[in-house]
Amino acid sequence: LKASCDDLASSLAAQKLDPDAELVVAGSQDKDLRNFRANSTRVYQLQRQKNIDMAKVTRLILVDTRQPSRIGNFTKCLKNPGLSVHIYDHHPELPGDLKGDYEDIRPGGATATVFTKIFRERNIEVDQEEATILAMAICEDTGSFTFSTTTPDDLEAMAWLLPRGANLHTVAQFV
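A brief report on the enclosed structure follows. From a predicted model like this one, the values you see are computed outputs, not experimental measurements. (Residues numbered from 1 in each chain as written. Predicted model: local features only at pLDDT ≥ 70, side-chain atom pairs only at ≥ 80, totals over all residues. Heavy atoms only, no water.)

Considering the sheet that holds strand 5 (residues 59-63)
Step number 1: Pairing is parallel in the open sheet, where 3 strands are placed in the order 5-6-7. Both outer strands of the open sheet, strand 5 and strand 7 (102-105), are each paired with one neighbouring strand and no more. Recorded for the sheet is a direction-independent mean angle of 5 degrees between the axes of neighbouring strands.
Step number 2: Across 5 bridges, strand 5 lies against strand 6 (residues 84-89) in parallel orientation. Counterpart to Leu 60 in the pairing with strand 6 is Val 85.
Step number 3: Helix 1 (residues 5-17) contacts strand 5 and strand 6 of the sheet and is inclined by roughly 140 degrees relative to strand 5. (Pairing = 2+ DSSP bridges. Helix = DSSP H or I, 4+ residues; strand = E, 2+ residues; numbered from the N terminus. Axes fitted to C-alpha atoms, helices over the stretch in contact; angles between N-to-C directions. Contact = heavy atoms within 4.5 Å.)

What follows is the structure, given as structure tokens:
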């Protein structure tokens, strides 16, 4: 699987809510995402799954998926005693979806929209780079608001991100 902008933006947003969480991508990164990271001034500390001791995982935070087939080796930790699973997603429910101890699943065009709404609801501010990557994710997953899965929430999320510094030039450059 290739990680998308929505995967990275949502992972970063989840880490903003839980600063002790480690960012791990369950696959390679798509070209736009690699180019964005290469041109970013911020260093994103992404771990590889092979470097994670699955037996020691106590909280698994899933973003942009609930499908076991999309989480790679993390399926190994699903039976860990006391494991807490948190899920943030925007996809419709499918047979075989994982269930979480905490779930924030809202229909819409992007999981980044879910996190943007959480930030709005909890009065959590984002910096310019965070606003930009969230905006990139929303634009990518909604086809710049042309896909039929686009919702008013996606547009409201973008409207909230713009005055916080979301850089549309950067969005256009990498999406």
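A few points about helix 5 (residues 152-161)
Step number 1: Those residues of helix 5 that fall on the buried side of the exposure criterion are Asp 154, Ala 157, Met 158, Trp 160 and Leu 161. The buried residues of helix 5 occupy one face: seen down the axis, they fall within an arc of 160 degrees.
Step number 2: Residues of helix 5 that are buried make contact with helix 3 (111-122) and helix 4 (128-142). (Buried < 20%, exposed > 50% of the residue type's maximum accessible area, 1.4 Å probe, protein only. Arc of directions from axis to C-beta.)

Quick notes on the pattern of salt bridges
Step number 1: Tallied over the entire structure, the rule returns 10 salt bridges.
Step number 2: For Glu 93, the salt bridge identified is with Lys 99, shortest N-O distance 2.9 Å. Here the two residues Glu 93 and Lys 99 agree in accessibility, since each one is exposed.
Step number 3: Close ionic contact of Glu 156 with Arg 120 constitutes a salt bridge, the shortest N to O distance being 3.9 Å. Within this pair, whereas Glu 156 is found in helix 5, its partner Arg 120 is found in helix 3, the two being separated by 36 residues in sequence.
Step number 4: Residue Glu 156 is classed as partly exposed on the basis of its relative accessible area, which comes to 39%.
Step number 5: Linked by salt bridges that have partners in common, Arg 66, Asp 89 and Asp 97 make up one network. (Salt bridge = Lys/Arg side-chain N within 4 Å of Asp/Glu carboxyl O.)

Details of the environment of Cys 5
Step number 1: Structurally, Cys 5 is set in helix 1.
Step number 2: When the C-alpha positions of Cys 5 and Glu 140 are compared, they lie 7.2 Å apart, and in sequence the two are 135 residues distant.

Quick notes on the packing of helix 3 against helix 5
Step number 1: It is the contact of helix 3 with helix 5, at a shortest axis distance of 9 Å, that shows an interaxial angle of 60 degrees. Considering their axes alone, helix 3 and helix 5 lie oblique with respect to each other. Relative to helix 5, the crossing made by helix 3 is left-handed. Here helix 3 contributes Thr 113, Thr 116, Lys 117, Phe 119 and Arg 120 to the contact with helix 5, which in turn contributes Asp 153, Asp 154, Glu 156, Ala 157, Trp 160 and Leu 161. (Parallel < 35°, antiparallel > 145°, perpendicular 65-115°, else oblique. Left-handed = near helix turned anticlockwise from the far one by under 90°.)

Side note on the packing of aromatic side chains
Step number 1: Taken as a whole and judged by the stated rule, the model has 2 aromatic pairs.
Step number 2: Aromatic side chains Tyr 88 and Tyr 102 sit 5.7 Å apart centroid to centroid with 55 degrees between the ring planes, which places their arrangement in the tilted category. You can see Tyr 88 sitting in strand 6 and its partner Tyr 102 sitting in strand 7, a full 14 residues away along the chain.
Step number 3: For Tyr 88, a relative accessible area of 7% gives the class buried.
Step number 4: On the accessibility criterion, Tyr 102 (28% relative accessible area) is partly exposed.
Step number 5: When the ring of Tyr 88 is compared with that of Phe 115, the centres are 4.5 Å apart and the planes differ by 35 degrees; the resulting orientation is tilted. (Phe/Tyr/Trp six-rings, centres within 6.5 Å; stacked < 30°, edge-to-face > 60°.)

Fair warning: the whole summary comes from geometry, so function is off the table for now.
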